[in-house]
Amino acid sequence: KNMKYIFASDVHGSSKYLNILLQKFEENKADKLVLLGDLYYHGPRNPLPEEYSPKDCIKALNNIKDKLIVVQGNCDAEVDQMVSEFPIIKDVIISVDGLNLFLTHGHIYGPQNIPANAGDVLLYGHYHVTNMEKKDNVYLLSPGSISLPKNDTKRAYIVYENRTFTLKDLLTDEVISTLSI
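In this text the structure is predicted, and so the values were computed from the model without any measurement. Going along each chain's sequence as written, the residues are numbered from 1 onward. This being a predicted model, a pLDDT of at least 70 is required before a residue's local features are given, and a value of 80 or more before pairs of side-chain atoms are given or counted; all residues contribute to the totals for chains, interfaces and linings. With hydrogens and water excluded, all non-hydrogen atoms of the structure serve as input to the side-chain values.

## Structural notes on the environment of Asp56
Threshold: Strands here are runs of E lasting at least two residues and helices are runs of H or I lasting at least four, both read from the DSSP assignment and numbered beginning at the N terminus. Pairs of N or O atoms within 3.5 Å make up the polar contacts considered here, provided that, within protein, one atom can donate a hydrogen while the other can accept it, and that residues adjacent in sequence are counted only when both atoms are side-chain atoms.
With respect to the helices and strands, the residue Asp56 is situated in helix α2 (residues 54–62). Remark: the alpha-carbon pair of Asp56 and Asn19, spanning 37 residues in sequence, is separated by 9.5 Å. A distance of 2.9 Å separates a polar atom in the side chain of Asp56 from a polar atom in the side chain of Ser53.

Printed below as a string of C-alpha cells:
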C-alpha cells in the first residue's frame, strides 16, 4: 500500500484551524500527519490566532500521537515536549516512494539556506507563506501556516501520495498547486 501523508505547519495554538486540519486528515484517509513546527505558542511576533487554546491542541494531537511526525519549530520549547505524548524532533529525513524528504521548520534551513543533504524535497514552514518551487535541484515546499497566513497566501496543507504533492486550501479544499516528481 502506498503511504499517504498530510503536511502542515505553524498551528500556533489555534484549536479552530487544528480541528479543521484534523478533519482533512481523516477525510483524506492519510497514514501520517507531518507537522513542521510551532505547535502551541503563538510567538512574540504574532497576534493571537483564532480560538487560541494550546491545551485543546495538546489534547487533540495526543489523541493521534501514533500518526504524527513532528519537527521542532522556533516557538516550540522543552515544556511542549513534556505535555506531548509524541516526539518533537529536530530536522529529519524520511524516505518515501524513493524520494528523500528533508523535514524542517524553516528558521535554520529553508529557501535561503538549503542544507547540503536536503535530498529531493525540502519541506518547511516558519514563514507562514505557501511555496512550491525548484531551486538548485531541490524542490522547496511549504504549506504556509494554517492559523496565521501571511502575504495573502491561503491557510493551506499539502497532501502527498504517489510522488505527487498537492497544495490545498484548508477551508475550501480547492487545489492551489500540484507538483509531481
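## Comments concerning the side chain of Ser15
In plain terms, the rule: Each residue is assigned to one of three classes by its accessible area relative to the maximum for its type, calculated with a 1.4 Å probe on protein chains only: buried under 20%, partly exposed between the two thresholds, exposed over 50%. Between two residues, a contact is recorded if the distance between any of their heavy atoms is within 4.5 Å.
Along the chain, the position of Ser15 falls in helix α1 (residues 15–27). Accessibility expressed as a relative area gives 8% for Ser15, which makes it buried. Ser15 has contacts with Glu50, Glu51, Ser53, Asp56 and Cys57, leaving out every residue within four places of it along the chain.

## Description of the state of the cysteines
Threshold: The definition used for a disulfide is geometric: two cysteine sulfur atoms within 2.5 Å.
Tallied over the full model, the rule gives 0 disulfides. There is no disulfide at Cys75, and the cysteine sulfur nearest it, in Cys57, is 13 Å away. The class for Cys75 is buried, based on a relative accessible area of 13%.

## Brief notes about unusual backbone geometry
Located in the positive-phi region is Asn151, a residue other than glycine, with phi close to 55°. In the Ramachandran plot, Asp152 falls in the positive-phi region, its phi being about 60° despite a non-glycine side chain. The residue Asp152 is located in the loop between β9 (138–143) and β10 (156–161) in this model. The exposure class assigned to Asp152 is exposed, which follows from its relative accessible area of 83%.

## Examining the nonpolar core
Heads up, the condition is: Residues belong to one nonpolar core when they are buried, are Ala, Val, Leu, Ile, Met, Phe, Trp, Tyr or Cys, and are joined through side-chain atoms within 4.5 Å.
Leu21, Leu33 and Leu35 are the most contacted members of the largest nonpolar core, which totals 27 residues. Where this core is concerned, the elements lending two or more residues are β1 (5–8), α1, β2 (32–35), α2, β3 (68–71) and β10. With 6 residues, α1 is the single largest residue contributor to this core. Excluding residues that lie within four positions of it along the chain, Leu33 makes contacts with Ile6, Leu21, Leu22, Phe25, Ile64, Lys67, Leu68 and Ile69. Counting 21 residues, the second-largest nonpolar core is a separate cluster that includes Leu99, Val121, Tyr139 and Tyr160.

## A closer look at the packing of aromatic side chains
Heads up, the condition is: Pairing of aromatic rings covers Phe, Tyr and Trp, the last counted by its six-membered ring, and requires centre-to-centre distances within 6.5 Å; plane angles under 30 degrees mean stacked, over 60 mean edge-to-face, and any other angle means tilted.
Counted by the stated rule, this structure contains 6 aromatic pairs. Ring geometry for Tyr5 and Phe7: centres 6.0 Å apart, planes at 15°, overall stacked. Both residues of the pair, Tyr5 and Phe7, count as buried. Since its relative accessible area comes to 8%, Tyr5 is described here as buried. Through a chain of ring-to-ring contacts, three or more aromatic side chains come together here, namely Tyr5, Phe7, Tyr160 and Phe165.

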